[in-house]
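# Structural features, examined
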Amino acid sequence: MSAALSIASFNAARLTGALARQAALLAFAPQSGLRHYLKMQYADQTFKGLYHWNWFDASMLLPYFAVMIVLSFYGIHRYTMCYQYFKYRRNAKPNPPRQFAELPAVTIQLPIFNEQFVIDRLIDAVCSIEYPREKLEIQVLDDSTDETREVASAIVERYAALGHNIVYIHRSNRIGFKAGALDEGLKVAKGEFIAIFDADFVPPTDWLMKVIHHFAEPEIGMVQTRWTHLNRDYSLLTRVEAILLDGHFVLEHGARFRSGEFFNFNGTAGMWRRQAIYDGGGWQHDTLTEDTDLSYRSQMAGWKFKYLPSVECPSELPIEMTAFKTQQARWAKGLIQTSIKILPRVFRSNAPLRIKVEAVYHLTANVSYPLMVIMSALLIPAMICRFYQGWFQMLLIDVPLFTASSFSIAVFYVMSEREIYPRTWKRTFFYLPFLMALGIGLTVTNTKAVMEALFGIKSAFVRTPKYRVAQKGQKSQAAKYRKRLKLTPWIELLLGCYFAAAIWYTFTNKNYFTAPFLILFVVGYWYTGLMSLLQGRFERWRSGVNADESSPKPFPVGI
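Note that the structure is a prediction, hence the values are computed from the model and not measured.

About the criteria used
- Residues numbered from 1 in each chain as written.
- Predicted model: local features only at pLDDT ≥ 70, side-chain atom pairs only at ≥ 80, totals over all residues.
- Heavy atoms only, no water.
- Buried < 20%, exposed > 50% of the residue type's maximum accessible area, 1.4 Å probe, protein only.
- Helix = DSSP H or I, 4+ residues; strand = E, 2+ residues; numbered from the N terminus.
- Pairing = 2+ DSSP bridges.
- Core = buried A, V, L, I, M, F, W, Y, C linked by side-chain atoms within 4.5 Å.
- Contact = heavy atoms within 4.5 Å.
- Axes fitted to C-alpha atoms, helices over the stretch in contact; angles between N-to-C directions.
- Patch = residues over 30% accessible without salt bridge, like charges linked within 9 Å, V, L, I, M, F, W, Y side chains within 5 Å.
- Areas by Shrake-Rupley, 256 points an atom, 1.4 Å probe, with all protein chains shown as cover.
- Salt bridge = Lys/Arg side-chain N within 4 Å of Asp/Glu carboxyl O.
- 1 Å grid on protein atoms, 1.4 Å probe; cavity = no way out; pocket = protein on both sides within 12 Å on 5 of 7 lines; lining within 4 Å.
- Points joined across faces, edges and corners; volume = space filled by probe spheres on them.
- Nonpolar A, V, L, I, M, F, W, Y, C, P; charged D, E, K, R; others polar.
- Parallel < 35°, antiparallel > 145°, perpendicular 65-115°, else oblique.
- Left-handed = near helix turned anticlockwise from the far one by under 90°.
- Polar contact = N/O pair within 3.5 Å; in protein donor to acceptor, adjacent residues only side chain to side chain.
- Phe/Tyr/Trp six-rings, centres within 6.5 Å; stacked < 30°, edge-to-face > 60°.
- Lys NZ or Arg CZ within 6 Å of the ring centre and 35° of its normal.
- pLDDT = per-residue confidence, 0-100.

Right, let's talk about the pairing of strand E6 (residues 270-273) for a bit. Both faces of the sheet carry side chains from a regular strand, because those side chains alternate between them. Every second residue of E6 is oriented toward a common face, with Gly-270 and Trp-272 on one face and Met-271 and Arg-273 on the other, all of them buried. Both strand E4 (residues 193-196) and E6 contribute to a ladder of four bridges, which runs antiparallel. When the sheet's bridge partners are listed, Ala-195 is paired in E6 with Met-271. Where strand E5 (residues 220-229) meets E6, three bridges bridge the pair, whose relative direction is antiparallel. Opposite Gln-224, over in E6, you have Gly-270 as the bridge partner.

This is how it looks when you write it as structure tokens:
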């Protein structure tokens, strides 16, 4: 009996010791998980009274997360487009179902403005297009105020003497900008179908024959082809620009076309049925994206659009940061102007709900830039407010929002590059950080453009300068078309410093999780700011050209 009691006492002592050791180990173990979180937040009263939720935290965190949630919706939309692109893949039919028994008359319009260094390349390419000469008319619609007038008219005279049906039309008032020029040309055009090429494009000789037969379907009002790039490998900037445009032309256009939703003519490298232009209300110049404006009006009038990603048309990318930023700002402002004008009509139309929803996402996407400004301003205060929250809140809130808003960008562009370059698409991963940083760097100029559109501030159609530079190391001939610089680059540099301070704060408090995200902001703002300065204001020190006085007047340029 006593032996049994001794054994029981010994076992109890061992169990008690084991439990004590386990408690000691738990005391020094990492405290994580849902149970620990709930205990620290609601059960442990040790720090009660030292901190409590207040109006300052609410004023910082609620707008911050509201912005992140809205950005997440646009990110989820990118995932949706990737899904639709593959789901409706069978609807992509590159070959026309029927062909014209007799080729129709076609007019090619070339709207130009101060394109002295690329106009000869454009006209040479268009005059080399394979199509019966008696059924092809070429209009050079010139609004230029510089030597381009003499250069273009001389080239037109030369080709006219060789038997080409080519005419030179010059306007001195520039009313309506590009839309006005296209409308003037349309009044005297002889073709049933209208192809349009901007000055920086070089259409291949077989482009017209690949496109025209798709109009044998009587319901087709416009056919858009895919842009490729002559100077894709010129610099890091042009490579990133090309990836951005590839995403638009592969997944955005591809998904919208395949799923039967509205998509837009891109202003160039496309062809219209003349009647589709008329039924849509014609070219109008109350927005800076007259192409998207007319596209929606024409599709609401019942016309169908077609996208041909297999038909390529080479173009020239902006090689300088100021030119790229000016182009992006014009597109951002124009799309918001178009959304204000067109969305009420879309909502009143008989279009299916999915088309209306997609139109909202499409036309309002640039609202993300002002939201990025708000998020940037609140980022450091929000970090300070959330310093003691720990990893659980990040896992529960930040990671899903980051996955929806930011990671979707990487998925979107990697998938588009994989579709075009199945052998070399993995190189895209190297460019992704620069792509995301460049998108952040555009926030200042594009926010200004979006706010101007929202407040109804009108501005001139700012052309993107064309430099005729295709090879790496080749110098530009067109310094005279460089854009003016104002305060924007300096604001971008200051914002970069602001986020550099945020990185210092994260390291000081050992919050390493957000540092890589903040580095993108620093790189983006410093890259766009420094490149704008080095390629503009400081360029005259090396070349002797005064960039501030070489821009053509009286039309305003630059941001």
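Now, onward.
The next subject is the nonpolar core. The nonpolar side chains of a soluble globular protein tend to be buried, and buried together. Formed by 63 residues in total, the largest nonpolar core has its most connected members in Ile-123, Met-271, Trp-272 and Trp-283. Leaving out residues up to four positions away in the same chain, Met-271 has contacts with Val-106, Phe-193, Ile-194, Ala-195, Trp-207, Leu-208, Val-211, Ile-212, Phe-215, Gly-221, Met-222 and Val-223.

For the rest of this paragraph, the subject is the sheet that holds strand E1 (residues 106-112). Sheet strands associate in pairs through backbone hydrogen bonding, adopting either a parallel or an antiparallel arrangement. An order of E3-E2-E1-E4-E6-E5-E7 is seen for the seven strands of this open sheet, with the pairing classed as mixed. At either margin of the open sheet sits one strand with a lone partner, and together these are strand E3 (166-170) and strand E7 (304-315). The mean angle between the axes of side-by-side strands here comes to 20°, regardless of whether they run parallel or antiparallel. Relative to strand E2 (residues 136-142), E1 runs parallel, the two being bridged by seven bridges. Along E2, the bridge assignment pairs Leu-110 with Val-140.

Here we come to a nonpolar patch on the surface. Together, Ile-340, Leu-454, Phe-455 and Ile-457 line one region of the surface with nonpolar side chains, adding up to about 420 Å² of accessible area. Mapping Ile-457 onto the fold places it in the loop between helix H16 (443-454) and helix H17 (488-508). With relative accessibility at 43%, the residue Ile-457 sits in the partly exposed group.

The next point concerns the pattern of salt bridges. All chains considered together, the criterion is met by 20 salt bridges. Between Asp-246 and Arg-232 there is a salt bridge, with its nearest N and O atoms 2.9 Å apart. Placement of Asp-246 in helix H8 (residues 236-258) and of Arg-232 in the loop between E5 and H8 is noted, with a sequence separation of 14 residues between them. No difference in accessibility class separates Asp-246 from Arg-232, as the two residues are buried. Where Glu-417 meets Arg-232, a salt bridge forms, and the shortest distance between an N and an O atom there is 3.0 Å. Placement of Glu-417 in helix H14 (residues 391-420) and of Arg-232 in the loop between E5 and H8 is noted, with a sequence separation of 185 residues between them. For Arg-232, a relative accessible area of 16% puts it in the buried group. One salt-bridge network, held together by shared partners, links Asp-286, Asp-293, Arg-297 and Lys-341.

Empty space within the second largest pocket amounts to approximately 520 Å³. Taken together, 26 residues make up the lining of the second largest pocket; nearest its centre are Phe-257, Gly-260, Trp-303, Lys-304 and Phe-305. Of all the secondary structure elements, the ones that give two or more residues to the lining of the second largest pocket are H8, helix H10 (290-300) and E7. Split by residue class, the lining of the second largest pocket holds eleven nonpolar, seven polar and eight charged.

On to the packing of helix H11 (residues 321-348) against H16, then. For the pair H11 and H16, interaxial distance at closest approach is 8 Å and the crossing angle is 30°. Between H11 and H16, the interaxial angle falls into the category roughly parallel. In this structure, H11 crosses over H16, and the sense of that crossing is right-handed. Listed contacts from H16 to Lys-325, Gln-328, Ala-329, Ala-332, Lys-333, Ile-336, Gln-337 and Ile-340 of H11 are Thr-445, Asn-446, Ala-449, Val-450, Glu-452, Ala-453 and Leu-454. Among the residues forming the contact of H11 with H16, the class breakdown is eight nonpolar, four polar and three charged.

This part covers the side chain of Ser-368. As for its placement among the helices and strands, Ser-368 is situated in helix H13 (residues 368-385). From its side chain, Ser-368 meets the backbone oxygen of Ala-365 in a polar contact 2.9 Å long.

Moving on to the pairing of E4. Burial along E4 is two-sided: the residues Phe-193 and Ala-195 and Ile-194 and Ile-196 are all buried. For E1 and E4, the ladder comprises four bridges, and the chain directions are parallel. Bridge assignment links Gln-109 to a residue of E4, and that residue is Ile-196.

This next bit is on the packing of aromatic side chains. Using the criterion set out here, one finds 24 aromatic pairs in the structure. Geometrically, the ring pair formed by Tyr-85 and Phe-86 is edge-to-face, given 5.1 Å between the ring centres and 90° between the ring planes. Residue classification places Phe-86 among the partly exposed positions, given a relative accessible area of 32%. Here the aromatic rings of Phe-263 and Tyr-307 are separated by 6.4 Å at their centres, their planes lie at 65°, and the arrangement is edge-to-face. One end of the pair, Phe-263, is in the loop between H8 and E6; the other, Tyr-307, is in strand E7, with 44 residues separating them in the sequence. For Tyr-307, a relative accessible area of 3% puts it in the buried group. The side chain of Arg-174 reaches across the aromatic face of Phe-113, ending 3.7 Å from its centre. The side chain of Arg-258 reaches across the aromatic face of Tyr-85, ending 3.9 Å from its centre.

Attention now moves to the confidence of the model for the chain. For the chain, per-residue confidence averages 85 on the pLDDT scale, and 80% of positions sit at 70 or higher. Predicted confidence is poor over residues 545-559, with pLDDT under 50, and the contacts of this stretch with residues over four places away or in other chains come to 43 contacts.

Our focus in this paragraph is the environment of Gly-267. Within the secondary structure, Gly-267 sits in the loop between H8 and E6. The exposure class assigned to Gly-267 is buried, which follows from its relative accessible area of 1%. For Gly-267 and Ile-196, which are 71 residues apart along the polypeptide, the C-alpha to C-alpha distance reads 7.3 Å. When near neighbours in sequence (up to four residues on either side) are disregarded, Gly-267 contacts Lys-178, Ile-196, Asp-198 and Asp-291.

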